[in-house]
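Listed below, chain by chain, are the residues.
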Amino acid sequence: MNFLAHLHLADISNTHLAANLAGDFAKGDIKHFPQHLQQGIWLHRQIDQITDSHEIIVDLIKQFPKSSRRVAPILVDLAFDHYLAYYWDEYHQDSLADFSQKAYHSLEATSDLPEKLQEIAPNIIEQDWLGAYQTKQGMNKAIEGVSRRISKPELFKTAIQDVDKLYVDIEIAFRTFYPQLMAYSRIYSRKTPEQYLP
């Protein structure tokens, strides 16, 4: 899952929004992070582990051509954010615009976020990354943005075309898998180890 999905799953599981997003940027032992971030980081990692090992996702990754197989998990994450934004009204009671503002406020109000997240947070907010996911153009821009931030951008050479070819397959996987992930996030939030609770 990417930014929007992790924020959405945090919200429906009544856990801290920015702390869950921090999980993408938090490396190493959770206990090294501030207490107010620990549950979100822990839940983020559980969600990623469930996603990466689920047969629906494993089978979907195999459909990508070998040339982009290494970055296929990233592309699926970005495409899932696109579908979540596109079908947003089916998954949340607030509008995407209102939810995005809530998430942006959480980012601005949360102290001690990982350094890399602090660096890009102004861009996330000013460029409305969450709202941009509603269109294919916005998703493609996100793919291009990720390709510029990694050490081997050449791996993304055919990324946009590959996602486009599998557009329907990715949607089917999302619509099948994401409701399960919503249930998992609620269950796992209640199973958070006591030492990680705020």
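Definitions and cut-offs
Throughout this document, residue positions are counted from 1 along each chain, in the order its sequence is written. Per-residue local features of the predicted model are confined to residues with pLDDT of at least 70, and side-chain atom pairs are confined, for both listing and counting, to 80 or more; whole-chain, interface and lining totals are unaffected and use all residues. Side-chain measures were taken over the full set of non-hydrogen atoms in the model, leaving aside hydrogen atoms and water. We define a salt bridge as a contact between a side-chain nitrogen of Lys or Arg and a carboxyl oxygen of Asp or Glu at a distance within 4 Å. Counting from the N terminus, the helices are the DSSP runs of H or I reaching at least four residues and the strands are the DSSP runs of E reaching at least two. Throughout, a residue-residue contact means that at least one pair of heavy atoms, one from each residue, lies within 4.5 Å. Each residue is assigned to one of three classes by its accessible area relative to the maximum for its type, calculated with a 1.4 Å probe on protein chains only: buried under 20%, partly exposed between the two thresholds, exposed over 50%.

**Describing the pattern of salt bridges**
Next, step 1: Evaluated as defined, the whole model comprises four salt bridges.
Next, step 2: E90 is paired through a salt bridge with R175; the nearest N and O atoms lie 3.1 Å apart. Within this pair, whereas E90 is found in the loop between α5 (72-86) and α6 (96-109), its partner R175 is found in helix α11 (residues 167-190), the two being separated by 85 residues in sequence.

**Concerning the environment of A18**
Next, step 1: Turning to its location among the elements, A18 is positioned in helix α2 (residues 17-22).
Next, step 2: Each C-alpha atom of the pair A18 and L117 lies 9.6 Å from the other, and the pair is 99 residues apart in sequence.
Next, step 3: For A18, the contacting residues outside a window of four places in its chain are S106, L107, T110, L113 and L117.

**A few points about the environment of P73**
Next, step 1: Here P73 shows up in helix α5.
Next, step 2: Classification of P73 as partly exposed rests on a relative accessible area of 36%.

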